[in-house]
Amino acid sequence: MAVSRNTEHSHSETLWERVFGQLSRHDLVLTAIPLVFATALLVTAVLPVPFLASLGAGALTSVGLLVDALFVHPPVDAGPEF
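Residues numbered from 1 in each chain as written. Predicted model: local features only at pLDDT ≥ 70, side-chain atom pairs only at ≥ 80, totals over all residues. Heavy atoms only, no water.

Caption draft 1: Representation of the overall build of the protein in the model. Along the backbone of the protein there are 3 helices and 0 strands. Listed N to C, the secondary structure of the protein is α-α-α in terms of helices and strands. When the 82 residues of the protein are sorted by exposure, 12% land in the buried category. Approximately 7100 Å² of the protein is accessible, and the part contributed by carbon and sulfur atoms is 69%. (Helix = DSSP H or I, 4+ residues; strand = E, 2+ residues; numbered from the N terminus. Buried < 20%, exposed > 50% of the residue type's maximum accessible area, 1.4 Å probe, protein only. Areas by Shrake-Rupley, 256 points an atom, 1.4 Å probe, with all protein chains shown as cover.)

See below:
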């Protein structure tokens, strides 16, 4: 008897799909903001860049992420789920 491999359950999810498939765009923005500041601190430690310059660059980048998350791609209510 022939068995079809083309079923909806034939694709098993990878760890990446299970973990990051549940995150929304706004979750990723909230994760990116501290990473931006950590990168700014790392740049200050490794390169001869003044602390306030890298902190300012991190702040401007974070503001850009926030503007994108709040105004360009705002969260929308999906409505009631029945």
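That was the structure; now back to the text.
Caption draft 2: Spatial organisation of the pattern of salt bridges. One pass over the full model with this rule turns up 1 salt bridge. Between Arg-25 and Asp-68 there is a salt bridge, with the nearest N and O atoms lying 3.0 Å from each other. Here Asp-68 lies in helix 3 (residues 51–72) and Arg-25 lies in helix 2 (residues 25–46), a separation of 43 residues in the sequence. (Salt bridge = Lys/Arg side-chain N within 4 Å of Asp/Glu carboxyl O.)

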